[in-house]
Amino acid sequence: MRVESQVPPVQRTYYEELFKSADLDRDGEIGVTDAAFFRKSMLPNETLGEIWMLSDVKNGKLDIDDFIVALKLISLAQLGAPISLDSIRMMPVVPPPKLQEVAPMPFDWVQHWNTVTQGARVVDSTGRANHPRGHIQQESTERQSQWNASKVDL
Ligand SMILES: [Ca+2]
């Protein structure tokens, strides 16, 4: 699995649904014939071409992990952030992209994710075994600060 395709479980479930709806010829991969899906992002063709090149690391087709990388890059482009794999690595959680005619995630996933990680902190403070999510959150916060710092520098 690619580092850049890691997402919270709720987001992965959503992206798996999007993958199924994008895979029009149902061969289990997103090929050139399925790529029209990405036009729902309303990004210019040039940007989508760039995103495809960064997402497709093997064979001209995107598997689920490549597809998630593509969605993250689309989201970054929509936010006005640089389109690069480094940008993905610097964001603890990349929000889902906005896609026309595609339903957003069925609940407020940001709130859900915060609730989960706050729960993990409570567990830590009671002295029980460290919850792995607590570490992820801590690391994410550090990365978030780096990301903010790098934005300021720009
Ligand atoms: Ca396909």
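Residues numbered from 1 in each chain as written. Predicted model: local features only at pLDDT ≥ 70, side-chain atom pairs only at ≥ 80, totals over all residues.

- For the protein chain, the name recorded in an unreviewed UniProt entry is EPS15 domain-containing protein, with Heterostelium pallidum as its organism.

### Examining the overall build of the protein chain
- The helix and strand inventory of the protein chain stands at 6 helices and 0 strands.
- Within the protein chain, the fraction of its 154 residues that count as buried is 21%. (Helix = DSSP H or I, 4+ residues; strand = E, 2+ residues; numbered from the N terminus. Buried ≥ 20, exposed ≤ 12 C-beta atoms within 10 Å, placed from the backbone.)

### Examining helix α3 (residues 64-79)
- Between its terminal C-alpha atoms α3 stretches 23 Å, which fits the 22 Å expected from 16 residues at 1.5 Å a residue.
- Residues of α3 that are buried: Asp 66, Phe 67, Ile 68, Val 69, Ala 70, Leu 71, Lys 72, Leu 73, Ile 74, Leu 76 and Ala 77.
- Immediately beyond the C-terminal end of α3, within one or two residues, lies Gly 80, with a positive phi of roughly 85 degrees. (Expected span 1.5 Å × (residues − 1).)

### Topic: the packing of helix α1 (residues 9-22) against α3
- One can describe the packing of α1 onto α3 by two numbers: an axis separation of 10 Å at closest approach and a directional angle of 105 degrees. The orientation of α1 with respect to α3, classified from their angle, is roughly perpendicular. In contact with Tyr 15, Glu 16 and Phe 19 of α1, α3 contributes Ile 64, Phe 67, Ile 68 and Leu 71.
- In terms of residue class, the contact of α1 with α3 is built from 6 nonpolar, no polar and 1 charged. (Axes fitted to C-alpha atoms, helices over the stretch in contact; angles between N-to-C directions. Parallel < 35°, antiparallel > 145°, perpendicular 65-115°, else oblique. Contact = placed C-beta atoms within 7 Å. Nonpolar A, V, L, I, M, F, W, Y, C, P; charged D, E, K, R; others polar.)

### Concerning unusual backbone geometry
- The backbone phi angle of Arg 26 is positive, close to 55 degrees, even though this residue is not glycine.
- Inspection of the secondary structure puts Arg 26 in the loop between α1 and α2 (45-55).
- One non-glycine residue, Met 42, lies in positive phi territory at about 65 degrees.
- Inspection of the secondary structure assignment puts Met 42 in the loop between α1 and α2.
- According to the C-beta neighbour criterion, Met 42 is exposed, with 12 such atoms within 10 Å.

### Brief notes about the nonpolar core
- Of all hydrophobic cores here, the largest spans 20 residues; its most connected members are Tyr 15, Phe 67, Ala 70, Leu 71, Leu 73 and Ile 74.
- Looking at this core, the elements with two or more residues in it are α1 and α3.
- Top element by residues in this core is α3. It accounts for 9 residues.
- Beyond its immediate stretch of four places on either side in the chain, Tyr 15 contacts Val 7, Phe 67, Ile 68 and Leu 71. (Core = buried A, V, L, I, M, F, W, Y, C linked by C-beta atoms within 7 Å.)

### Observations concerning the packing of α2 against α3
- Between α2 and α3, the shortest axis-to-axis distance is 9 Å and the interhelical angle comes to 145 degrees. Remark: the crossing between α2 and α3 carries right-handed chirality. Contacts from Thr 47, Ile 51, Trp 52, Leu 54 and Ser 55 in α2 reach Asp 66, Val 69, Ala 70, Leu 73, Ile 74 and Ala 77 in α3.
- A per-class count over the contact of α2 with α3 returns 8 nonpolar, 2 polar and 1 charged. (Left-handed = near helix turned anticlockwise from the far one by under 90°.)

### What to know about the environment of Leu 54
- Inspection of the secondary structure puts Leu 54 in helix α2.
- Looking at Leu 54, the number of C-beta atoms within 10 Å reads 18, which means it is partly exposed.
- C-alpha of Leu 54 to C-alpha of Leu 85: the two residues are 31 residues apart in sequence and 7.4 Å apart in space.

### Let's talk about the environment of Lys 98
- By the element assignment, Lys 98 lies in the loop between α4 (85-90) and α5 (109-125).
- Here Lys 98 falls in the partly exposed class, since 14 other C-beta atoms lie within 10 Å of it.

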